[in-house]
Amino acid sequence: MSKARAAIFQRLTAVERPTVDASARDSLSVFAWDKAERIQRFTERMQAVRAEVHVADRNTWLDKVAEICQAKGLNNLLLSPNTEWGQAITQNAERFPTLKHYERNIEDWKQELFYEVDAGLTSTLGGIAETGTLMLWSSVSEPRTLSLVPPIHIALLDTDKLYTTFAEAVKIQGWLEQGLPTNALLISGPSRSADIAQVLAYGVHGPKELVVVLV
């Protein structure tokens, strides 16, 4: 390694990261929303940006997802068989369109993934009511492409993990103690962008449709 390069790396590693003291903060939120209020606020904010929100429970969520797949005319559904939701759907495969499991290296099926998958289904780490946001952590079982590449993203959110604010979610789930993820996704509606005339276009950088099932 050259002396110049070594000097650059030395400067990058020599600076100690500052310690943040948040003990003086009075509260994680100025809101005191109960669960019903969090669900209502989350739903309103998601629908305001053209996301679909459906409500189900532990006994009916499979029916709801199957109903969504039928309503959208899906020919196939991409998911991970290694999650709680994915296992349940796989065990009831006859009620759903053709299931595709994310078990291959992307290079082995890039053409199929980008051009032949109708929708992707993922679990979520939680939700934020204040902003109408889903939290996802990428993993080997559910990589980023599962939620970003298919034109329709179906996300399942356990309402026990719907928090008022992002700060509250980080604290309650112990992100700082357990170590921050290398790639956390915060999703607030389907992918959208606008040109210089501010004309919105959907699906430019990700899914054209976002469907959230609150369980």
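Right above here is the structure, for reference.
Every value quoted in this text rests on a predicted model; they were computed, and no experiment measured them. (Residues numbered from 1 in each chain as written. Predicted model: local features only at pLDDT ≥ 70, side-chain atom pairs only at ≥ 80, totals over all residues. Heavy atoms only, no water.)

A. Structural view of the environment of Ala48. Among the structural elements, Ala48 can be located in helix H2 (residues 35–48). Judged by relative accessible area, Ala48 falls into the exposed class, the value being 65%. (Helix = DSSP H or I, 4+ residues; strand = E, 2+ residues; numbered from the N terminus. Buried < 20%, exposed > 50% of the residue type's maximum accessible area, 1.4 Å probe, protein only.)

B. Structural detail: the layout of surface pockets. Roughly 280 Å³ of internal volume is contained in the second largest pocket. In this structure, the second largest pocket is lined by 22 residues; those nearest its centre are Trp85, Ser123, Thr124, Leu125 and Glu142. Those elements that place two or more of their residues in the lining of the second largest pocket are helix H4 (84–91), strand E6 (133–137), helix H6 (144–148) and strand E7 (152–157). Among the residues forming the lining of the second largest pocket, the class breakdown is 8 nonpolar, 8 polar and 6 charged. (1 Å grid on protein atoms, 1.4 Å probe; cavity = no way out; pocket = protein on both sides within 12 Å on 5 of 7 lines; lining within 4 Å. Points joined across faces, edges and corners; volume = space filled by probe spheres on them. Nonpolar A, V, L, I, M, F, W, Y, C, P; charged D, E, K, R; others polar.)

C. How the structure looks around the environment of Phe114. Here Phe114 lies in helix H5 (residues 110–115). With a relative accessible area of 42%, Phe114 lands in the partly exposed category. Remark: the alpha-carbon pair of Phe114 and Val149, spanning 35 residues in sequence, is separated by 6.4 Å. Setting aside residues up to four positions removed in sequence, Phe114 forms contacts with Ile106 and Val149. (Contact = heavy atoms within 4.5 Å.)

D. Up close: the side chain of Thr159. Position of Thr159 relative to the elements: it lies in the loop between E7 and strand E8 (162–163). Excluding residues within four positions of it along the chain, Thr159 makes contact with Lys35, Ile39, Leu214 and Val215.

E. Seen up close, the pattern of salt bridges. As enumerated under the stated definition, the model contains 11 salt bridges in all. The partner of Lys72 in a salt bridge is Glu52, and the shortest N-O contact between them spans 2.6 Å. With Lys72 in the loop between helix H3 (61–71) and strand E2 (76–79) and Glu52 in strand E1 (residues 52–55), this pair connects stretches of sequence that are 20 residues apart. Given a relative accessible area of 29%, Glu52 falls into the partly exposed group. The salt bridge partner of Asp158 is Arg58, with a shortest N-O separation of 3.3 Å. (Salt bridge = Lys/Arg side-chain N within 4 Å of Asp/Glu carboxyl O.)

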